[in-house]
Amino acid sequence: MNYISTRGQMQPQGFSDILLEGLAPDGGLAVPESIPQVSADTLERWRALPYHALAAEVLSLFVTDIASDDLARMTRAAYNTEVFRSEDIVPVRALYDGMYLLGLSEGPTLAFKDMAMQFLGQVFPHVLRKRATTLNILGATSGDTGSAAEYAMRGKEGVAVFMLSPHGRMSSFQRAQMYSLQDANIHNIAVTGVFDEAQDIVKALSGDLAFKSRYRLGAVNSINWARIAAQIVYYFHGWLRATRGPGEQVSFAVPSGNFGNILSGHIARMMGLPIRRLVLATNENNVLEEFFRTGSYRPRPADQTYATSSPSMDISRASNFERFVFDLVGRDPSRVAALWAELGSRGSFDLSAYLPDFEGKYGFQAGVSSHEDRLATIRTVMDRCGVLIDPHTADGVKVASSHVEPGIPMLVLETALPAKFSDVIEEALGRAVPPPPGFEDLESLPQRVDVLPCDIGAVRDYIARHVLV
Ligand SMILES: *Cc1c(COP(=O)(O)O)cnc(C)c1O
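Remember, predicted model here, so these are calculated numbers, not experimental data.

The rules behind the values
Residues numbered from 1 in each chain as written. Predicted model: local features only at pLDDT ≥ 70, side-chain atom pairs only at ≥ 80, totals over all residues. Heavy atoms only, no water. Near = heavy atom within 4 Å. Polar contact = N/O pair within 3.5 Å; in protein donor to acceptor, adjacent residues only side chain to side chain. Areas by Shrake-Rupley, 256 points an atom, 1.4 Å probe, with all protein chains shown as cover. Helix = DSSP H or I, 4+ residues; strand = E, 2+ residues; numbered from the N terminus. Buried < 20%, exposed > 50% of the residue type's maximum accessible area, 1.4 Å probe, protein only. Contact = heavy atoms within 4.5 Å. Pairing = 2+ DSSP bridges. Axes fitted to C-alpha atoms, helices over the stretch in contact; angles between N-to-C directions. Phe/Tyr/Trp six-rings, centres within 6.5 Å; stacked < 30°, edge-to-face > 60°. Lys NZ or Arg CZ within 6 Å of the ring centre and 35° of its normal.

Turning to the site of the ligand, a few remarks are in order. Taken together, 15 residues lie around the ligand, and Lys113, Asp144, Gly257, Asn258 and Asn261 are the ones closest in. A distance of 2.6 Å separates an oxygen atom of the ligand from a polar side-chain atom of Lys113. Note that an oxygen atom of the ligand is positioned 2.7 Å from one of the backbone N or O atoms of Asn258. Out of a free accessible area of 380 Å², the ligand has 95% covered by protein chains.

Shown next as structure tokens:
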């Protein structure tokens, strides 16, 4: 399997080649040259597999330059009960009215980013060892992604992580989660600024090509294809758990931000998995909902991006959306390049000519959820089935509830556990959430973090002094 760029100007490359890169050299995103197909017979053969074995099967279709026994060893090391709290890795629980929860938040950081990041924590060291090199991962985080990356890479050979966070601006739970890691290859850097300033420092240093290659800087951001590939697995798992036989359909509802999670669902559907609808849920930052309603894609400037009570979905532009548009326009890279040029010059583009295809051909539906919806949904799910959900998952349940069809299970992706957002839960239910088992003492553990001024020079010096050689 080779990978090409959505903008058409990259020589086809293997999985291991694109693994360690960010954007393609032409500014596009790597996509598989063709979408592998999975037959109904194969799906039935996969029905009894444990999660790690299913992951090896699905990933082997996208990863053809790593031996299949190596891949199987890596998925066993990523998806087991020492890392995930559930025997099933991804449990499926019934809610009401035909809705179910697909439990993607049983990993070390209590959010779905662990599903992909744990695989990266296996495949990065493997490929780096084969190539006799090392990598220093540089990133900025306001919470979820940074901690998932650190937990996946801690103690791993050939990889170090430099994670910038905004000093004093994360929740005490999030701080404790990241800063309590004592592994020598994990560097927590709290900069005295806001998240956007931390992000600007990362962009500046990654854009300094001499510095980047001298210190072998890399990233694990949401456009990384290996993350998309690893997420495809749980759509197959969800379908296998919610159906009894060939051809039965299910729908998925996905709390969305950067369009990474639901893109994996789109690929699973293109592979032949019988998915009826992919229901995209946004919060008040509804750039994607607007696109699926009108065909017009209008990313918002930062001052029109609201800080909401489902903060991991507070995005203004959806970094993975280009991969879907590539399929939508018939995989025509010159068309994609022209659309993104238009986005650069006019700030928007219009694909309303494809409106009938959004649902008809690709199964997409979309809806918005507000702060009030989130609180009401958390209460309803608690009252009707005694299950506590987090604010992001609540956005998913809210939007899913108006798209359920009789006889078709609706699987809502649980993207985080409520303990991470206890203030919102308290607002909804009038009581706090106890930390999950194993996390009771988290906030009293010793913390390891260096505070730096919010300044490129200071971060540059720090990296130079601490990188792997
Ligand atoms: C990252 C995240 C999302 C959004 O996922 P995308 O892949 O960016 O669409 C939703 N909920 C939670 C809790 C997240 O951490």
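Position of Ser348 relative to the elements: it lies in the loop between helix 14 (333-346) and strand 12 (349-350). Judged by relative accessible area, which is 16%, Ser348 ranks as buried. For the pair Ser348 and Arg300, spaced 48 residues apart in the sequence, the C-alpha separation amounts to 9.5 Å. Ignoring sequence-local partners within four residues, the contact set of Ser348 consists of Tyr297, Arg298, Glu342 and Leu343.

In this model, Ala132 sits at a positive phi of 50°, which is unusual for a non-glycine residue. Tracing the chain through its elements places Ala132 in the loop between helix 5 (113-130) and strand 5 (135-140). With a phi angle near 70°, Phe259 is a residue other than glycine that sits in the positive phi range. Mapped onto the fold, Phe259 is located in the loop between strand 9 (250-255) and helix 11 (260-270).

Our focus in this paragraph is the sheet that holds strand 14 (residues 410-414). Spatial strand order, 3-4-14-9-10-13: six strands in an open sheet with mixed pairing. In the strand order of this sheet, the two ends are held by strand 3 (92-94) and strand 13 (364-368), each with one partner. The sheet shows a mean angle of 25° between the axes of neighbouring strands, direction not considered. Two strands pair when backbone bridges link them, and strand 4 (residues 99-103) and strand 14 are joined in this way by five bridges, in the parallel orientation. The partner of Met99 across the bridge, within strand 14, is Met410.

Right, let's get into the packing of aromatic side chains. All chains considered together, the criterion is met by 28 aromatic pairs. Both rings, one in Tyr297 and one in Phe349, keep their centres 5.4 Å apart while their planes meet at 45°; by these two values the pair is tilted. With Tyr297 in strand 11 (residues 296-297) and Phe349 in strand 12, this pair connects stretches of sequence that are 52 residues apart. Ring-pair connections join several aromatic residues into one group, and the members of that group are Phe259, Phe291, Phe292, Tyr297, Phe321, Phe324, Trp340, Phe349, Phe358, Tyr362 and Phe364. Taking the ring centre of Tyr96 as reference, the NZ or CZ of Arg384 above it sits at 4.2 Å. Here the basic side chain of Arg460 rests over the ring of Phe211, its NZ or CZ set 5.1 Å away from the ring centre.

Counting buried positions over the eight residues of helix 13 (residues 321-328) gives eight, a clear majority of the element. Within the sequence span of helix 13, burial applies to Phe321, Glu322, Arg323, Phe324, Val325, Phe326, Asp327 and Leu328. Where helix 13 ends, the next residue or the one after it, Gly330, has phi of about 75°, a positive value.

Right, let's get into the side chain of Asn283. Position of Asn283 among the secondary structure elements: in the loop between strand 10 (275-282) and helix 12 (287-294). By relative accessible area, which is 0% here, Asn283 ends up buried. A polar atom in the side chain of Asn283 sits 3.0 Å from the side chain of Thr308. A distance of 2.9 Å separates polar atoms of two side chains, one belonging to Asn283 and the other to Asp314. Discounting residues that sit within four places of it in the chain, Asn283 has contacts with Thr308, Ser310, Met313, Asp314, Val368, Ser369, Arg374 and Asp395.

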